[in-house]
Amino acid sequence: MSTQLDQIAKKAKSNPNPKLRFTSLAHLLTPEFLTETWKQMNRRGASGVDGETTKEFEQGLDTRVQELCERLKRGAYRAPPVRRVEIPKGPGKAGTRPLGIPTVEDRLLQRAVARILEAVFEADFLECSYGFRPGCNPHGALKALRGIIVTKKVGHLFEADIRGYFNHIQHEWLQKMVAHRIADPFILRLIGKWLNAGFMVGGVVTRTKEGSPQGGPISPYEPRGSRTVLEGPRGETPRGYLTIVARSKWPRNPDRFTKMEFR
């Protein structure tokens, strides 16, 4: 992690004030930061609507990140629509789920902004949240769940899955919730551009006022901003529609959660 990003993460973690907002983050989007981000990315992804491959982009990496930063400074960056494809939901599930594939350049910028959001919001998450967090995965959630079942007197266990979670996120509310911690207008505008960029199928672009396409580096981090608001201040038991049973801890992913009652 870059030094400046590390400082932001430390500030977020050391200050328990939930009203603390980060007003200056866009300066992190330098050619050096983008190049560092590129080295951390999975560069085997599919092409977006422009057909450019990661190998083609990488051949002129230094020039491309310079040009991208110049467009960002001039306010000339335009988020392209994602290429939408349908993929099977997985074993035991019927139907498909939409996947949005950004262009390589857009994917790089999304990942760079995702690193910044992660540095801010990671400090706000409860330990029982496992979805799209560094060092966390479904196996860790299952291990935590097993540990509670084995060591506690469990009375009830509830498992829930929010249907169409990514497909129906309201853009307006999502942006308001992200703004609880992010007050840099440049970063907020970028997020708005991605939400409003729409998707392309068969050469036709469709734009909606709800939903966040799965597949881009930024997509898991946008809902995370709303989740920290729902969770409440650090160290408190979350209250709201996600809470089923009081005095409990449960492993959760962004669109599904498990809750149990124990003594």
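Residues numbered from 1 in each chain as written. Predicted model: local features only at pLDDT ≥ 70, side-chain atom pairs only at ≥ 80, totals over all residues. Heavy atoms only, no water.

**Let's talk about the overall build of the chain**
A tally of regular secondary structure across the chain gives nine helices and seven strands. Counting every position in the chain, which comprises 263 residues, the buried fraction comes to 44%. The contacts of the chain with a sequence gap of at least 6 include a subset with a gap of at least 24, amounting to 74%. For the chain, the computed accessible surface area is about 14,400 Å², with 53% contributed by carbon and sulfur atoms. (Helix = DSSP H or I, 4+ residues; strand = E, 2+ residues; numbered from the N terminus. Buried < 20%, exposed > 50% of the residue type's maximum accessible area, 1.4 Å probe, protein only. Contact = heavy atoms within 4.5 Å. Areas by Shrake-Rupley, 256 points an atom, 1.4 Å probe, with all protein chains shown as cover.)

**Considerations on the confidence of the model for the chain**
Taken as a whole, the chain shows an average pLDDT of 80; of its residues, 82% reach a score of 70 or greater. Mean pLDDT per element in the chain: helix α9 (residues 221–231) is the minimum at 49, and helix α4 (residues 61–74) is the maximum at 97. (pLDDT = per-residue confidence, 0-100.)

**A short note on the environment of R78**
Note on placement: R78 falls in the loop between α4 and β1 (82–88). By relative accessible area, R78 is classed as exposed at 58%. Linking R78 and A197, residues 119 residues apart in sequence, is a C-alpha distance of 8.5 Å. In this structure the side chain of R78 is engaged in a polar contact, spanning 3.2 Å, whose partner is the backbone oxygen of G75. (Polar contact = N/O pair within 3.5 Å; in protein donor to acceptor, adjacent residues only side chain to side chain.)

**Regarding a nonpolar patch on the surface**
Taken together, the side chains of I149, V154 and L157 make up a nonpolar region of the molecular surface, amounting to roughly 220 Å² of accessible area. The topology assignment puts V154 in strand β3 (residues 154–161). (Patch = residues over 30% accessible without salt bridge, like charges linked within 9 Å, V, L, I, M, F, W, Y side chains within 5 Å. Salt bridge = Lys/Arg side-chain N within 4 Å of Asp/Glu carboxyl O.)

**Let's talk about helix α5 (residues 104–121)**
Here α5 is 18 residues long and its end C-alpha atoms lie 25 Å apart, about the 26 Å a rise of 1.5 Å per residue gives. The buried fraction of α5 is high, at 17 of 18 residues. (Expected span 1.5 Å × (residues − 1).)

**Description of the pattern of salt bridges**
This model, assessed by the stated rule, comprises eight salt bridges. Note that R43 and E58 form a salt bridge whose closest N and O atoms lie 3.4 Å from each other. You can see R43 sitting in the loop between α2 (31–40) and α3 (54–59) and its partner E58 sitting in helix α3, a full 15 residues away along the chain. In this structure R43 comes out as partly exposed when scored by relative accessible area, which is 31%. E58 gets classed as partly exposed once you look at its relative accessible area, which sits at 36%. Between R64 and E52 there is a salt bridge whose closest N-O contact spans 2.6 Å. Here the residue R64 occupies a position in helix α4, and E52 occupies one in the loop between α2 and α3, the gap between them amounting to 12 residues.

**A closer look at the environment of P88**
You can see P88 is positioned in strand β1. For P88, a relative accessible area of 64% puts it in the exposed group. Expressed as a C-alpha distance, the spacing of P88 and P98, which sit 10 residues apart in the sequence, is 8.9 Å. In contact with P88, not counting residues within four places along its chain, are G95 and T96.

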